[in-house]
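Chain by chain, the residues run as shown.
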Amino acid sequence: MAATLASYLSRPMTPPAPEVVEAIARGPIDPDQALPRDALDRLLDPAPVDAETGWCVLPGGVHYAAVRTAMPRVSAEMVDWWFDWHPRDPIRYRLWFPGAHEDVRFRPPAHPGAKPFWGAVHHPVEDVGLGMSHLRISFLKPTGLGFTTDALDDPRVATIVGGLVGDDRRRAQHTLMVHVFLAADDGLVQRSRFWIGAALRPYLPGPVADLAAGVLNRAPVRRRLLPGRAARAMAEHCAAEYANLAALLPELHREHA
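Q: Please clarify how the overall build of the protein chain should be interpreted in this entry.
A: Within the protein chain, the regular secondary structure consists of eight helices and eight strands. Rg of the C-alpha trace for the protein chain: 17 Å, near the compact-globule value of 18 Å for 257 residues, within the 12% margin. For the protein chain, the C-alpha atoms occupy an extent of roughly 50 × 35 × 35 Å along the three principal directions. For the protein chain, with 257 residues in total, the buried portion stands at 52%. A sequence separation of at least 24 residues applies to 64% of the contacts in the protein chain between residues at least 6 apart.

Written out as structure tokens, the structure is:
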């Protein structure tokens with residue numbers, strides 16, 4: 001299987017749709033167009049929202065990125081399979097975004113959930129446009145992210161993937177990441193949202209982490225800690241990796257599921 005998967009690494013990346021590239025290149029959106037963190041349920045409604053793709057820095061210093069990705073011929077089953085399958089072997093992660101995705105380690109969920117990745121922790125090594133980072137992504141069920149429902153019975157919603165992102169080297173959590181996959185006539189439409197710096201919290205015992213989080217989650221701290229182009233870099237990276245995944249996933253699922 002490794003030799004077969006290696007062939008994917010030499011394929012040209014499938015680029016994002018021109019309108020996605022143009023929206024990101026246009027510059028920062030008005031922060032009023034950004035989806036508030038407490039309005040995640042709005043992503044479950046297929047009706048258009050302000051700035052389906054865009055990026056900005058919010059008044060509190062949080063960097064916000066939004067990307068819409070069309071995924072023709074992709075199903076919810078494929079997405080759920082992918083997020084359980086790819087972190088189990090670094091080559092699977094690298095073929096997703098050759099050159100930017102370098103390595104990954106995986107801790108499976110302690111208890112099985114309705115989705116195979118609920119409760120899993122991925123440790124990817126990747127460059128999202130700011131240099132190679134050793135990340136930690138703790139995947140959660142939707143209600144753990146801030147949705148009022150897990151949406152498993154909503155026919156409009158194919159699946160939801162999201163979690164809290166942090167840095168293994170710096171020993172701290174920093175970002176809320178959400179991907180909502182909506183049903184479409186020819187496959188899925190993905191809505192991705194990142195609130196970078198909205199969840200600053202060290203990887204320490206609970207009471208200590210709670211105290212530190214209260215100090216860290218302030219605008220002056222975020223402005224000091226976050227790179228100035230974090231929002232745009234995240235939008236560009238997300239657009240690139242999911243456009244490529246949309247092209248690869250039907251074939252990968254057919255050959256390896």
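The rest of the description comes next.
Q: Any chance you could explain the side chain of threonine 69 here in plain terms?
A: In this fold, threonine 69 is placed in strand E2 (residues 63-72). Overall, threonine 69 belongs to the buried group, its relative accessible area being 6%. Residues contacting threonine 69, with those up to four places away along its chain left out, are Leu188, Val189, Gln190, Tyr242 and Ala243.

Q: Would you mind showing me how to read the packing of aromatic side chains here?
A: The description of an aromatic ring pair uses the distance of the two centres, along with the angle that the planes make with each other. Under the counting rule described, the total for this entry stands at 11 aromatic pairs. If you follow arginine 11 out to its NZ or CZ, it ends over the ring of tyrosine 8, 4.1 Å from the centre. Stacked on the ring of tyrosine 203, the Lys or Arg arginine 136 has its end atom at 3.8 Å from the ring centre.

Q: Would you take a moment to explain the packing of helix H3 (residues 76-85) against helix H8 (residues 230-256) for this structure?
A: To describe two helices that pack against each other, one gives the angle between their axes and the distance between the axes. Two numbers describe how H3 lies on H8: the axes approach to 10 Å, and their chain directions differ by 90 degrees. It follows that H3 is roughly perpendicular to H8 by the angle criterion. Facing H3, whose interface residues are Glu77, Met78, Val79, Trp81, Trp82, Phe83 and Trp85, H8 presents Tyr242, Leu245, Leu249, Pro250, Leu252, His253 and His256.

Q: I would appreciate a short explanation of the nonpolar core in the present structure.
A: In summary, soluble globular proteins display a tendency toward joint burial of nonpolar side chains. Met71, Val79, Trp82, Phe83, Leu249 and Leu252 are the most contacted members of the largest nonpolar core, which totals 44 residues. Per-element tally for this core: the top contributor is H8, with 11 residues. Residues contacting tryptophan 82, with those up to four places away along its chain left out, are Pro87, Arg92, Leu95, Trp96, Leu245, Leu249 and Leu252. In terms of nonpolar packing, the next biggest core, distinct from the first, is built from 23 residues, Val62, Tyr64, Ala151 and Leu182 among them.

Q: Hey, could you run me through the packing of helix H2 (residues 18-25) against H8 in this one?
A: Viewed as axis vectors pointing N to C, H2 and H8 meet at an angle of 175 degrees, and their least axial separation amounts to 10 Å. Between H2 and H8, the interaxial angle falls into the category roughly antiparallel. Only Arg232, Ala235, Glu236 and Ala239 of H8 make contact with H2, whose side of the interface consists of Val20, Ile24 and Ala25. Classifying every residue of the contact of H2 with H8 by side-chain character gives five nonpolar, no polar and two charged.

Reading the values: the criteria
- Residues numbered from 1 in each chain as written.
- Predicted model: local features only at pLDDT ≥ 70, side-chain atom pairs only at ≥ 80, totals over all residues.
- Heavy atoms only, no water.
- Helix = DSSP H or I, 4+ residues; strand = E, 2+ residues; numbered from the N terminus.
- Rg over C-alpha atoms; globule rule 2.2 N^0.38 Å.
- Buried < 20%, exposed > 50% of the residue type's maximum accessible area, 1.4 Å probe, protein only.
- Contact = heavy atoms within 4.5 Å.
- Phe/Tyr/Trp six-rings, centres within 6.5 Å; stacked < 30°, edge-to-face > 60°.
- Lys NZ or Arg CZ within 6 Å of the ring centre and 35° of its normal.
- Axes fitted to C-alpha atoms, helices over the stretch in contact; angles between N-to-C directions.
- Parallel < 35°, antiparallel > 145°, perpendicular 65-115°, else oblique.
- Core = buried A, V, L, I, M, F, W, Y, C linked by side-chain atoms within 4.5 Å.
- Nonpolar A, V, L, I, M, F, W, Y, C, P; charged D, E, K, R; others polar.

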